[in-house]
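If you want the building blocks of each chain, they are given just below.
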Amino acid sequence: MTEQTMTADGGARIGASGDRLPDGLGMGAVTLKVADRDGMTDYYGRGLGLQVLSEDAAATVLGRGREPLVRLEPGTGLELPGRGEAGQFHTALLFETQADLASTVLSAARFDGSLFTGSSDHLVSEAFYFNDPEGNGIELYWDRPREEWIREGSGVRMDTLYLDPNGFLREHLDEEAVSRQSDAAAAVGHVHLQVGDTATAERFYVDALGFEKTASFHGQALFVSAGGYHHHMAMNVWNSRGAGPRKDTLGLGEVLIQLPGADDVGALAERLSSAGIRHHHTGAELVFDDPWRNRLRVAVG
């Protein structure tokens, strides 16, 4: 039986005991609704070194090797979202080595340097930020070894420190990494969302879904994960404080969360039912929205 207590606002709060997402959780390909599918395919291909894995009338899927990372879906007739609306903040692509990261940072900068928005040392990782041609945020990053992370209880210490992009490229870029860029492994490491408030986000993503909170910053941002990772998802209000449910726009179409087995998907479906969250459960996967109508799909991966 699911244990429940009451929150300060009188809503049901899912108990933490036995209600956490499994350690083997991972993030799958992010779906974006796009206005110019050919142009966006060109950016993710030439700019980020992704390969077209499949393409039909419904979508173009790009990735590395056999790993889908981005799914581009035609958003015919849709408008761009406003800066202050809920939705995607960025999709973060994780690389295995600093050299692999450097090669993709270089190709993204060469494609269009004006799309570069910054770089940071987050203690757990080194990250570079871009926008794609339709304004969707992208993070390219490398994780430091877990044994070097600073643990704070059940959380992980993170920060935003200066990282010199040119110095990083000088130190880590090599000809071998550039030549094998499109063959080097990459994965969706985490997905960062814009939401209306972090308290509601915590009730949904931690109390109901079963993520663990790893960090939070003064009601401005929340970071959550499974299995001790620094974060698989994050939510912030830096542009979107007070935002309500999303309209159907270009931009984020769907976030895919992958669980180890069908039993894990079924357990989450039970938690969603206990929390009164509407969802569609096919037996193999779950589809539901967060409080801002960000679409989530959970499947075995």
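Residues numbered from 1 in each chain as written. Predicted model: local features only at pLDDT ≥ 70, side-chain atom pairs only at ≥ 80, totals over all residues. Heavy atoms only, no water.

## Side note on a negative patch on the surface
On the surface, a cluster of negative charge is made up of Asp36, Asp38, Glu55 and Asp56. Relative to the assigned elements, Asp56 resides in the loop between strand S5 (51-55) and strand S6 (60-64). Judged by relative accessible area, which is 48%, Asp56 ranks as partly exposed. (Patch = residues over 30% accessible without salt bridge, like charges linked within 9 Å, V, L, I, M, F, W, Y side chains within 5 Å. Areas by Shrake-Rupley, 256 points an atom, 1.4 Å probe, with all protein chains shown as cover. Salt bridge = Lys/Arg side-chain N within 4 Å of Asp/Glu carboxyl O. Lys, Arg positive; Asp, Glu negative; His and termini not counted. Charge placed at Lys NZ, Arg CZ, Asp CG, Glu CD. Helix = DSSP H or I, 4+ residues; strand = E, 2+ residues; numbered from the N terminus. Buried < 20%, exposed > 50% of the residue type's maximum accessible area, 1.4 Å probe, protein only.)

## Some thoughts on the nonpolar core
If you look at the biggest cluster of nonpolar residues, it comprises 64 residues, and the most contacted ones within it are Tyr44, Tyr205, Leu209 and Met233. Broken down by element, the residue count for this core peaks at five residues, all from helix H5 (residues 198-208). Setting aside residues up to four positions removed in sequence, Leu209 forms contacts with Asp19, Leu21, Phe204, Leu268, Arg271, Leu272, Phe288 and Leu296. (Core = buried A, V, L, I, M, F, W, Y, C linked by side-chain atoms within 4.5 Å. Contact = heavy atoms within 4.5 Å.)

## Topic: unusual backbone geometry
Phi is positive for His218, which is not a glycine, with a value near 50°. Assignment of secondary structure puts His218 in the loop between strand S16 (212-217) and strand S17 (221-225). Positioned with a positive phi, Arg293 is a non-glycine residue whose angle comes to about 65°. In this fold, Arg293 is placed in the loop between strand S21 (285-289) and strand S22 (295-300).

## Side note on the sheet that holds S17
Paired through their backbone hydrogen bonds, the strands of a sheet run either parallel or antiparallel. Across the sheet, which stays open at both edges, the nine strands sit in the order S14-S9-S10-S11-S8-S15-S18-S17-S16 with mixed pairing between neighbours. Each edge of the open sheet carries a strand with a single partner, namely strand S14 (161-162) and S16. In this sheet, strand S18 (residues 233-236) lies alongside S17 in antiparallel orientation, the contact comprising four bridges. When the sheet's bridge partners are listed, Val224 is paired in S18 with Met233. (Pairing = 2+ DSSP bridges.)

## Details of helix H3 (residues 165-172)
Inspection of H3 places Gly167, Phe168, Leu169 and His172 among the buried residues, and these make up the whole buried set. Looking at the buried side of H3, the elements it contacts are helix H2 (98-111) and strand S10 (125-131). For H3, the N-terminal cap is Asp164; the gap from its side-chain oxygen to the backbone nitrogen of Asn166 is 3.2 Å. (Polar contact = N/O pair within 3.5 Å; in protein donor to acceptor, adjacent residues only side chain to side chain.)

## Concerning the side chain of Lys33
Following the sequence through the fold, Lys33 ends up in strand S4 (residues 30-34). Overall, the relative accessible area of 18% leaves Lys33 in the buried class. Look past the residues within four positions of Lys33 in its chain and what remains in contact with it is Glu73, Gly75, Leu78, Glu134, Asp248, Thr249, Leu250, Gly251 and Gly253.

## Brief notes about the pairing of strand S9 (residues 116-121)
Across five bridges, the pairing between S9 and S10 is antiparallel. Residue Ser119 lies in a different strand from S10, and its bridge partner there is Phe128. Turn length for the S9-S10 hairpin, with the two strands adjacent in sequence and antiparallel, is three residues, and the turn residue Leu123 shows positive phi of about 75°.

## Quick word on the environment of Asp42
Within the fold, Asp42 resides in helix H1 (residues 37-47). The spacing of Asp42 and Phe111 is 69 residues in sequence and 9.8 Å in space, taken between C-alpha atoms. Ignoring anything within four residues of it in the chain, the contact list for Asp42 reads Gly47 and Phe111.

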